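Here is how the chains run, residue by residue.
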Amino acid sequence: MRPNFHYPRGAHNQMFRDPRARRGRDPFFILLMVQLGQQIASMENKPPVTLALMAVQVGIFLKDLLLVPGELLRLIPSQHDGCLQPWKIWEGGQWSRLLWSAFLHADEHHLYYNMASLLWKGVQLERVMGHVGFGALVAELLVVSHGLLVLG
């Protein structure tokens, strides 16, 4: 038997809206990001490629709060317009989705967990592979993983 879900009027529409517009900044997100910043500050050898990737992704997520010039702001798509949707890439020719989808995050927790994971892995890999090797690995993995998803 199929479960019967009843949502309050309009609730189903709010589930698909931008969570940042619905409730503002989550105070726990701010605390988690401060903790991540403290971890970075306490590192003896700071990995530049990892930190640059993190800065770009956080900057894109917080673009509305930063003083970003209008021309640059218009280049950054919304989550809806930049997420990885293979049919929009093949049929619509929206090839920029292959890149943007790696830098867009659904909400604060998605961003935090990705940044924490990137920091943990990036520190180790960048130390072993070097800055250029790690940057190349990230680029290769982005192209291969997104390419396979679109082709598959």
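Predicted model only: the values in this text are computed from it and were never measured. (Residues numbered from 1 in each chain as written. Predicted model: local features only at pLDDT ≥ 70, side-chain atom pairs only at ≥ 80, totals over all residues. Heavy atoms only, no water.)

### As for the overall build of the chain
Here comes step 1: The helix and strand inventory of the chain stands at ten helices and zero strands.
Here comes step 2: Split into buried and exposed, the 152 residues of the chain put 26% on the buried side.
Here comes step 3: For the chain, the accessible area works out to roughly 10,600 Å², and carbon and sulfur atoms hold 65% of it. (Helix = DSSP H or I, 4+ residues; strand = E, 2+ residues; numbered from the N terminus. Buried < 20%, exposed > 50% of the residue type's maximum accessible area, 1.4 Å probe, protein only. Areas by Shrake-Rupley, 256 points an atom, 1.4 Å probe, with all protein chains shown as cover.)

### Considerations on the packing of helix α4 (residues 48-61) against helix α9 (residues 108-129)
Two quantities define a packed helix pair, namely the angle between the helix axes and the distance between the axes.
Here comes step 1: Between α4 and α9, the least distance of the axes is 9 Å, while the angle of their chain directions is 170°. With respect to α9, the element α4 is oriented roughly antiparallel. Contact residues: Pro48, Val49, Thr50, Leu51, Leu53, Met54, Gln57, Val58 and Phe61 in α4; Glu108, Leu111, Met115, Leu118, Leu119, Gly122, Val123 and Glu126 in α9.
Here comes step 2: Its residues assigned to classes, the contact of α4 with α9 comprises twelve nonpolar, three polar and two charged. (Axes fitted to C-alpha atoms, helices over the stretch in contact; angles between N-to-C directions. Parallel < 35°, antiparallel > 145°, perpendicular 65-115°, else oblique. Contact = heavy atoms within 4.5 Å. Nonpolar A, V, L, I, M, F, W, Y, C, P; charged D, E, K, R; others polar.)

### Focus: the packing of aromatic side chains
Here comes step 1: Enumeration over the complete set of coordinates arrives at three aromatic pairs.
Here comes step 2: Relative to Trp95, the ring of Trp90 has its centre 5.7 Å away and its plane inclined at 75°; by these criteria the two rings are edge-to-face.
Here comes step 3: With a relative accessible area of 46%, Trp95 lands in the partly exposed category.
Here comes step 4: Each ring, one from Tyr112 and one from Tyr113, has its centre 5.1 Å from the other, and the planes form 70°; the classification is edge-to-face.
Here comes step 5: With relative accessibility at 10%, the residue Tyr112 sits in the buried group. (Phe/Tyr/Trp six-rings, centres within 6.5 Å; stacked < 30°, edge-to-face > 60°.)

### Quick word on a nonpolar patch on the surface
Here comes step 1: The grouping of Trp90, Trp95 and Leu151 at the surface amounts to a nonpolar patch, some 400 Å² of accessible area in total.
Here comes step 2: Within the fold, Leu151 resides in helix α10 (residues 131-151). (Patch = residues over 30% accessible without salt bridge, like charges linked within 9 Å, V, L, I, M, F, W, Y side chains within 5 Å. Salt bridge = Lys/Arg side-chain N within 4 Å of Asp/Glu carboxyl O.)

### Here's the deal with the environment of Trp87
Here comes step 1: Secondary-structure assignment places Trp87 in helix α7 (residues 86-90).
Here comes step 2: Considered as a pair, Trp87 and Val150 are 63 residues apart in the sequence and their alpha carbons are 7.8 Å apart.

### Looking at the packing of helix α3 (residues 27-41) against α9
Here comes step 1: One way to put it is that α3 packs onto α9 with a least axis distance of 10 Å and a crossing angle of 15°. Considered as vectors, α3 and α9 are oriented roughly parallel to each other. The interaxial crossing formed by α3 with α9 has left-handed handedness. Contact residues: Phe29, Leu32, Met33, Gln35, Leu36, Gln39 and Ile40 in α3; Glu108, His109, Leu111, Tyr112, Met115, Ala116 and Leu119 in α9.
Here comes step 2: For the contact of α3 with α9, the class distribution of residues is ten nonpolar, three polar and one charged. (Left-handed = near helix turned anticlockwise from the far one by under 90°.)

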